[in-house]
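Take a look at the letters that make up each chain.
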Amino acid sequence: MNTLRIDPIKFWIIVLFLSFSKLVFAQDAMVPICEGISTIDARMASSISRLKHYNDFQQATLQQLDQGFELHVVYKEGGIFKVDRIPLTRTEVEQICSEISATSKQRVTSEYDNPTQEARRRLIISSSAYSLGYYSWAVPTALKARDYKAYTASYMLIGGAGFFVPLFATNKHDITNGMERAYTLGAATGFTHGLSLNMLLLGEDDSSFETILGFTTAFSITESILALSLAKKHSISWGYASIMGSGGLWGAAYGAALTFLASESEQIRLYGATTMLGSAGGFLAAHHLYKSQSITHGDASVINALGALGAYWGGVFMETLDVSNERAIIGMLTAGATGGLAYGIYKTKGYDYTRQQGNLIPLGSFAGGLIGAGFGILVEAEETGFLWLTALGATGGFFLSDWVLRETRKDKSSQASNFSFQINPMGVLGAANANLIPKTNDPRIGNTIANFRVSF
């Protein structure tokens, strides 16, 4: 049996002196086709009008020339790889990007809004959580049930109904992620609206704890069912339901905060009215945002996380500056939240966060805050230092999680480089024995030992 033997001296001479056999200095460079996309695969090509006619499409890349662009299309014909070079203008490249974007949005819509058993499961869990956590004790308390047996029985009956009612009600109905999110956030905004209406109608003197529980429970249940019905009727997406619910809650908080900043009034009815108006304004702002840019459920989660982080930073600055004036405190918290929300909207404008990213990134921020707090305890920091370490940890946790999770979806070759160097193992072996080089017309398999490219 013959054994392949390569003289080491010959090997290194070949590598050092012949590796640049394909040295290229050119004024053309591979560039991303669209933002974050450098290669068109077969799935993308099926939705692009210029590429649909290829029966065995492999991939396509874009080269920038002195004048215009050139699309390099690799495909198979009769089992042999071939390459087409298609000249393109800037307008034609943008058209290809539009077709890819339209297909991507359809996939996102399908992923997020199709009826799923998971959405139904989350709706049932949400209903059970509201029932056990609030309705089951709020209802008997609002009805002034003093008897222990009646109170306990009401708690158990309402808590159990929170599971079985939606279980049977959704048994023969499709539940989408948008419907589930509308139900969940509708219950939350209903709680806020019930409290606001109680403040508006009854004020401080005529309101009691039992009355507040009655208003909040009634509105929470009513708005959750109403939001679910509207989501079903209008086929509301997951992202729209998420951002609308978030807008309603943030708007209510802004309504109360801005009223205090403007007047420092103690009139309960005034705060009830402005909180309701603020919530309505939040709904309108969220609707406008959704119409102006693509918003997914993950986007809404990231925006909310940054808003909360901004508000926390406002509190940190308040403590650092030793502010005791209540109006200044509320002003700092409001300014911090506003900055966080604005940055969140900007950050999600060019990127659609997935549900997983929207869940993990805020969790990463929380975990980072715990690490910062842990360091604060270890170094026995004072209150201000402890708050700073916690805020820095939360901020670092957010951006670190964001970077890691976005990298998993990022095409690392999307950025064109002006320098590349690659060793071709087949070329190295072929230099010693030409019979080792496969006989093929595949343009992606070269006969060089190494490739060096400089683009400018």
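Residues numbered from 1 in each chain as written. Predicted model: local features only at pLDDT ≥ 70, side-chain atom pairs only at ≥ 80, totals over all residues. Heavy atoms only, no water.

## Quick notes on the overall build of the protein chain
Move 1: Looking only at helices and strands, the protein chain features 14 helices and seven strands.
Move 2: Looking at the protein chain as a whole, 41% of its 456 residues qualify as buried.
Move 3: Residue pairs at least 24 apart in sequence account for 72% of intrachain contacts in the protein chain once pairs closer than 6 positions are excluded.
Move 4: Here the protein chain displays about 25,700 Å² of accessible surface, and carbon together with sulfur accounts for 62% of that area. (Helix = DSSP H or I, 4+ residues; strand = E, 2+ residues; numbered from the N terminus. Buried < 20%, exposed > 50% of the residue type's maximum accessible area, 1.4 Å probe, protein only. Contact = heavy atoms within 4.5 Å. Areas by Shrake-Rupley, 256 points an atom, 1.4 Å probe, with all protein chains shown as cover.)

## Description of the packing of aromatic side chains
Move 1: All told, the structure shown has 16 aromatic pairs when counted by the stated rule.
Move 2: Ring plane angle 75° and centroid distance 5.2 Å describe the contact between W313 and W388, whose orientation is recorded as edge-to-face. Of this pair, W313 sits in helix α10 (residues 297–320) while W388 sits in helix α13 (residues 383–407); the two residues are 75 residues apart in sequence, bridging distant segments of the chain.
Move 3: With 4.9 Å between their ring centres and 70° between their planes, Y351 and Y353 make a pair best called edge-to-face.
Move 4: For Y351, a relative accessible area of 15% corresponds to the buried category.
Move 5: The exposure class assigned to Y353 is buried, which follows from its relative accessible area of 0%.
Move 6: Through a chain of ring-to-ring contacts, three or more aromatic side chains come together here, namely Y130, Y134, Y135, W137 and F191. (Phe/Tyr/Trp six-rings, centres within 6.5 Å; stacked < 30°, edge-to-face > 60°.)

## Some details on the pattern of salt bridges
Move 1: Under the criterion given, the structure shown has nine salt bridges.
Move 2: A single salt-bridge network, built from bridges that share partners, covers E118, R121, R122, E180, R181 and R355. (Salt bridge = Lys/Arg side-chain N within 4 Å of Asp/Glu carboxyl O.)

## So, a nonpolar patch on the surface
Move 1: On the surface, a nonpolar cluster with roughly 400 Å² of combined accessible area is contributed by L360, L363, F366 and L370.
Move 2: Tracing the backbone through its elements, the reader meets L360 in helix α12 (residues 355–378).
Move 3: Under the relative-accessibility criterion, L360 is labelled partly exposed at 34%. (Patch = residues over 30% accessible without salt bridge, like charges linked within 9 Å, V, L, I, M, F, W, Y side chains within 5 Å.)

## Focus: the nonpolar core
Move 1: Of all hydrophobic cores here, the largest spans 23 residues; its most connected members are I40, L51, L71 and V73.
Move 2: Taken together, the elements giving at least two residues each to this core come down to α2 (42–45), β3 (57–64), β4 (69–77), β5 (80–88) and α3 (90–113).
Move 3: In contact with I40, not counting residues within four places along its chain, are I33, A45, I48, L51, F57, Q58, Q59, A60, I96 and I100. (Core = buried A, V, L, I, M, F, W, Y, C linked by side-chain atoms within 4.5 Å.)

## Observations regarding the environment of G298
Move 1: Tracing the chain through its elements places G298 in helix α10.
Move 2: Sequence-wise, G298 and T348 are 50 residues apart; in three dimensions their C-alpha atoms are separated by 9.2 Å.
Move 3: Beyond its immediate stretch of four places on either side in the chain, G298 contacts Y353, T354 and G358.

## Some points on α12
Move 1: An ideal rise of 1.5 Å per residue puts 34 Å on 24 residues; α12 measures up with 35 Å between its terminal C-alpha atoms.
Move 2: Within α12, the full set of buried residues consists of Q357, G358, I361, G364, S365, G368, G369, G372, A373 and G376.
Move 3: E380 sits one or two residues past α12 and shows a positive phi near 55°. (Expected span 1.5 Å × (residues − 1).)

## Focus on the environment of F191
Move 1: Residue position: F191 is located in helix α6 (residues 177–202).
Move 2: Residue classification places F191 among the partly exposed positions, given a relative accessible area of 34%.
Move 3: C-alpha of F191 to C-alpha of A218: the two residues are 27 residues apart in sequence and 8.3 Å apart in space.
Move 4: Discounting chain neighbours no more than four positions away, the residues touching F191 are Y134, T216 and S220.

## Examining the packing of α6 against helix α8 (residues 238–263)
Move 1: The interhelical angle for the contact between α6 and α8, taken along N-to-C directions, is 10°, at an axis separation of 8 Å. As judged from the angle between their axes, α6 and α8 are roughly parallel. For the pair α6 and α8, the contacting residues are N177, G178, E180, R181, A182, L185, A188, T189 and T192 in the first and W238, A241, S242, G245, S246, L249 and A252 in the second. (Axes fitted to C-alpha atoms, helices over the stretch in contact; angles between N-to-C directions. Parallel < 35°, antiparallel > 145°, perpendicular 65-115°, else oblique.)

## So, unusual backbone geometry
Move 1: A positive phi is found at S235, a non-glycine position, where the angle reads about 50°.
Move 2: Counting through the fold element by element, S235 comes out in the loop between α7 (209–234) and α8.
Move 3: Phi angles above zero are rare outside glycine, and E380 is one such case at about 55°.
Move 4: Tracing the sequence through the fold places E380 in the loop between α12 and α13.

## Here we look at the confidence of the model for the protein chain
Move 1: With 79% of its residues at a pLDDT of 70 or more, the protein chain shows a mean pLDDT of 81.
Move 2: Least confident of the elements in the protein chain is strand β1 (residues 24–26), whose mean pLDDT is 39; most confident is α10, at 94.
Move 3: In the predicted structure, residues 107–112 sits below a pLDDT of 50 and forms ten contacts with residues beyond four places in sequence or in another chain.
Move 4: The model gives residues 411–421 a pLDDT under 50, and that stretch makes 26 contacts with residues more than four places away or in other chains. (pLDDT = per-residue confidence, 0-100.)

## Considerations on the pairing of β3
Move 1: Note that β3 and β4 share seven bridges and pair antiparallel. Within β4, the position partnered with L62 by the bridge is L71.
Move 2: Connecting the antiparallel pair β3 and β4 is a turn made up of four residues, with G68 showing a positive phi of about 85°. (Pairing = 2+ DSSP bridges.)

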